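# Examining the three-dimensional arrangement
Residues per chain are reported as follows:
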Amino acid sequence: MQDKNHNRDFHHALAVDNDLCIGCTHCMTVCPTQAIRVRKGKANIIVNRCVDCGECYKACPVSAIVVEQDDLEMIFRFPVRVILIPSVLIGQFPKKIMATSIFNALKEIGFTHIYEVENCVDMVLDASKQFMLEHKERPMISSYCPAIIRLIQVKYPNLVGNIMKVNPPIDMAAMYYREKLKASGIPENEIGLFYATPCAAKIAAVKSPVGETESAVTGIIKMNFLYNQILKFLQRKYIETEPPQTDDLLSSRGIVWSLTRGEVVHSKGRALAIDGIKNVNDFLENMENEKLDHIDFLELRACDESCAGGILMSGNRFLTVERLKLRAEEYRAREDDKERKLTEGFLNINEHGFLGNIEPRPMGSLDEDISAALKKMERKRRLMCFLPGLDCAGCGAPDCETLSEDIVQRNAQISHCIFLQQQMIKQNLLSQEQAIRITANIWGEQRLEKNCNKMGAEDENN
Amino acid sequence: MQFKHKIAGGDFAKAGNIASSVKKILRQLNIDHAVSKRIVIALYEGEVNVVAHAYSGIVDVDIDEEKIKITITDKGPGIADIEQAMEEGYSTATPQVREMGFGAGLGLSNMKKNSDSMNISSVPAEGTIVELITYIKPDAR
């Protein structure tokens, strides 16, 4: 299933369901890496450009962008079934639903052990500190958000060297808990570790890890699926069992780690936290300018309100943040400031704390050969003189500039532009029939026919 | 391939826009990151110089297979003593400009550092022309 050379061959968690896709432009125009085109009335994801951020998933009006997950039945292959949960899982439920009720519901679903991934945050902090001392690149960019790592790989390849190659909490927690269970006498092949993910990027990170050979996580369960399962169990009567211990190393620091500013508060020196992929994109675009110099650390998260705003999260993101902050305060009240919660005896920083090499995977170049690239660039600039520049996406590409690139790369034609089509018809370079065929090729055979089932039309709900 | 950009004197908010658009073009031309970074830094400094000191300016960028030539031509006060202006820390920037975080007197020396050759000519009270050449393959210098 997985290619050995996973840095080149990406696994993506996002896919288009062609039965549901209506071939509109919503996903295409929000994609931060211009990774979507419409052909034959369906959205197509260009795998080398996609960073699994999930903007398309949020924008789709008919839920045609789907996120894969492993079958829940898969967990029963393992006698010991661990669900690794990020703190945002609890945060999305209303306050009246206690954490213990949630944990009990998870046991009812079939998990034997529940472990919170932020338990290992102090280990991440120590590894980060060591990495900052040993590496001079500034600003250091957090490795926490996998969509951001992928965005840098494809769009800002010259910043790959600035990524802080520290294993994120999920990987540390998976390794730690596996070791801990092994130490208690459970054979390794009986342990299955499943991660409840708030987003698509973390799925892609588990299925094709960047900078590590294999993920310690066995499988993935989507958070929205689990949310419904938990609520279903909470509706029913069930036997209250002893609450499991899920937080042997959890601290107030860990509980808010996945929220915006969760990392920067621990950073020495000048540090910034930026959330939302558009904000991150704008920031990285300007990073080489002198104005943004002298920053030591950047916490960059693809989602608005970080993981609380993950695409697979069900609760209101602001209420999720509120609940987590309150939970962190409760922990804080009984914490000793100097106390570190480390995984000693099970993990050590040098062996488990760091990621391997992260390869740049630049997507933007027109040609490897400079003279060919120059020719294509000249052609592209000339094309832009004729394209209307209003980014209507009527050609099946997100904007005029992307269309001009697709044309010079021979992935599209000038006649795909609906405005240039008019010119070409007027100059007898294109017949009306040809123009209609082009439209059908991009937007589908039935696009020009009457259809009352679309949103806002007469039979909208049929 | 050539292109031309205009710079308005005094518009600090837009200083760096030309450097950004050149950076995008260099990325598409698959030019080595280390080389493009130097070019972008040098051009950014040049833009700031025009914004801070001159009334208006024009940036001409000429890219061929071997090198990138950037010519920044401005209408402005000119530079009386180019040698002195090249010294690190020498600046004629006004206090207001310095308050905005510019005018540290590093512009010209940074431009020289980040290009393979730099030529300046200037006529006081008329303007300045700075020509920067950077080779695309670092070993072609």
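Computed from a predicted structure; not experimentally measured.

So, about the overall build of chain A. For chain A, the helix and strand inventory stands at 17 helices and 11 strands. For a compact globule of 462 residues, the expected C-alpha radius of gyration is about 23 Å, and chain A comes in at 24 Å, within 12% of that figure. When its C-alpha atoms are laid out on the principal axes, chain A stretches across 80 × 55 × 40 Å. When the 462 residues of chain A are sorted by exposure, 43% land in the buried category. For chain A, long-range pairs separated by at least 24 residues make up 76% of all intrachain contacts whose partners lie at least 6 apart in sequence.

Residues and elements named next belong to chain B. Across the sheet, which stays open at both edges, the 5 strands sit in the order β1-β2-β3-β5-β4 with antiparallel pairing between neighbours. Edge positions in the sheet fall to β1 (2-8) and β4 (117-123), since each has one partner strand and no second. Looking at each pair of strands side by side, their axes are set apart by 10° on average, direction ignored. Pairing of β1 with strand β2 (residues 56-63), which is carried by 7 bridges, proceeds in the antiparallel orientation. The residue of β2 that forms the bridge with Lys6 is Ile58.

Once that is clear, we can look at the interface of chain A and chain B. Taken together, the contacts link 19 residues of chain A with 17 residues of chain B. Secondary structure elements with two or more residues in the side of chain A that touches chain B: α11 (277-286) and α14 (370-386) of chain A. Partitioned by chemical class, the residues of the side of chain A that touches chain B number 6 nonpolar, 6 polar and 7 charged.

Turning next to the sheet that holds strand β10 (residues 271-275) of chain A. All names here are of chain A. The sheet built from 3 strands is open, its strands ordered β7-β11-β10 with parallel pairing. Every interior strand has two partners, whereas the edge strands, β7 (140-141) and β10, have only one. Sheet topology places β10 next to strand β11 (residues 297-301); 5 bridges connect them, and they run parallel. Bridge pairing in β11 places Ala271 opposite Phe297.

This part is about the domain arrangement of chain A. All names here are of chain A. Partitioning chain A into domains gives domain 1 (14-67), domain 2 (72-352) and domain 3 (370-448). Just the C-alpha atoms count here: the centres of domain 1 and domain 3 sit 20 Å apart. Facing the 12 residues of domain 1 at the interface are 10 residues of domain 3. Listed by contribution, the elements that provide at least two residues to the side of domain 1 that touches domain 3 are α1 (26-30) and β2 (36-39). Ranked by residue count, the leading element in the side of domain 1 that touches domain 3 is β2, at 4 residues. By residue class, the composition of the side of domain 1 that touches domain 3 is 4 nonpolar, 5 polar and 3 charged.

Parameters at a glance
The numbers attached to residues start from 1 for each chain and follow its sequence in the written order. Each chain is given a letter, starting from A, and each ligand a number, starting from 1, according to the order in which they appear as written. Reporting of local features is limited, given that this is a predicted model, to residues whose pLDDT is at least 70; pairs of side-chain atoms are given and counted only at 80 or more, and all residues count toward the totals for whole chains, interfaces and linings. Only runs of H or I of at least four residues qualify as helices and only runs of E of at least two qualify as strands under DSSP, and these elements are numbered from the N terminus. Based on C-alpha atoms, the radius of gyration is set beside the globule rule, defined as 2.2 Å times the residue count to the power 0.38. Counting other C-beta atoms within 10 Å of a residue's C-beta gives its exposure: the residue is buried at 20 or more, exposed at 12 or fewer, and partly exposed in between, where C-beta atoms are placed from the backbone. For every residue pair, C-beta atoms are placed from the backbone, and the pair is scored as a contact if these atoms sit within 7 Å. Whether two strands pair depends on DSSP finding at least two bridges between them. Structural elements are reduced to axes, namely lines fitted to C-alpha atoms, with helices fitted over the stretch in contact, and the angle between N-to-C directions of any two is expressed from 0 to 180 degrees. Three classes are used, and their members are as follows: Ala, Val, Leu, Ile, Met, Phe, Trp, Tyr, Cys and Pro are nonpolar, Asp, Glu, Lys and Arg are charged, and the others, Gly among them, are polar. Marked domain ranges trace back to an automatic or database domain assignment.

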